[in-house]
Amino acid sequence: MYVEPDYPYIHRELAKHGVTLTLLWEEYRRKCYDEGKKPYMFTQFGEKYRKWARVTKATMHIQHKPGDTIEVDWAGDTIPIFDSVTGEQSKAYLFVAVLPCSYFAYAEVCGDTQTENWLNCHVHAFNYFGGATRLLILQNCDVFQYPV
């Protein structure tokens, strides 16, 4: 018999800075093993929490101050680009910058994710928004390949 997670506790903890579902699962799993009980694996733990949150309409409201932060990333998979003259297909990358308070967004397509394009996209986004924010939040830094 599996031990049911404490969903309200998980929900409260996730609202705290730096707390992730993985950390909470590890805590839950350790507690179960210490008590000689059987925990759910991470996938089921996450699915059960998300189902609980959906059914109970539990939401975490994140307060954003206008103009305080901008979130940036290369979005998703590559985009196929077709040359109308030659018919050749190439791949492109989509840079996205979002002001999370207003959901005001800027997007730009680039041929690669090299540093020059990364920096130029930021400059273009700041020009588009009419200035820079106090904080710049990078969503997925591990996907970038920097030249050695």
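Since this is a predicted model, take the numbers as computed values, not measurements.

Let us look at the packing of helix H1 (residues 7-14) against helix H3 (residues 42-55). At their nearest, the axes of H1 and H3 sit 10 Å apart, and the two run at 90° to each other. One way to sum up the angle between H1 and H3 is to call them roughly perpendicular. Residue-level inspection shows Tyr7, Pro8, Ile10, His11 and Leu14 of H1 in contact with H3, the latter providing Phe45, Lys48, Tyr49 and Trp52. Residues of the contact of H1 with H3, tallied by class, amount to seven nonpolar, one polar and one charged.

All told, the structure shown has twelve aromatic pairs when counted by the stated rule. Ring geometry for tyrosine 7 against tryptophan 52: centres 5.9 Å apart, planes inclined by 20°, an arrangement best described as stacked. One end of the pair, tyrosine 7, is in helix H1; the other, tryptophan 52, is in helix H3, and 45 residues separate them in sequence. Taken together, a centroid distance of 5.5 Å and an interplanar angle of 55° make the contact between phenylalanine 104 and phenylalanine 129 tilted. Of this pair, phenylalanine 104 sits in strand E3 (residues 104-110) while phenylalanine 129 sits in helix H4 (residues 115-129); the two residues are 25 residues apart in sequence, bridging distant segments of the chain. Overall, the relative accessible area of 41% leaves phenylalanine 104 in the partly exposed class. Residue classification places phenylalanine 129 among the buried positions, given a relative accessible area of 17%. Through a chain of ring-to-ring contacts, the aromatic side chains of Phe104, Tyr106, Tyr128 and Phe129 assemble into a single cluster. Its guanidinium or amino end placed over the ring of tryptophan 25, arginine 29 lies 4.7 Å from that ring's centre, counting from NZ or CZ.

Positionally, threonine 20 belongs in the loop between H1 and helix H2 (21-34). A residue is classified by how much of its surface remains accessible, and threonine 20, at 37% relative accessible area, is partly exposed. Placed ten residues apart in sequence, threonine 20 and isoleucine 10 show a C-alpha to C-alpha distance of 9.4 Å.

Our next topic: the side chain of histidine 11. With respect to the secondary-structure elements, histidine 11 resides in helix H1. Of note is the side chain of histidine 11, whose polar atom sits 2.5 Å from the side chain of tyrosine 49.

Calculation notes
Residues numbered from 1 in each chain as written. Predicted model: local features only at pLDDT ≥ 70, side-chain atom pairs only at ≥ 80, totals over all residues. Heavy atoms only, no water. Axes fitted to C-alpha atoms, helices over the stretch in contact; angles between N-to-C directions. Helix = DSSP H or I, 4+ residues; strand = E, 2+ residues; numbered from the N terminus. Parallel < 35°, antiparallel > 145°, perpendicular 65-115°, else oblique. Contact = heavy atoms within 4.5 Å. Nonpolar A, V, L, I, M, F, W, Y, C, P; charged D, E, K, R; others polar. Phe/Tyr/Trp six-rings, centres within 6.5 Å; stacked < 30°, edge-to-face > 60°. Buried < 20%, exposed > 50% of the residue type's maximum accessible area, 1.4 Å probe, protein only. Lys NZ or Arg CZ within 6 Å of the ring centre and 35° of its normal. Polar contact = N/O pair within 3.5 Å; in protein donor to acceptor, adjacent residues only side chain to side chain.

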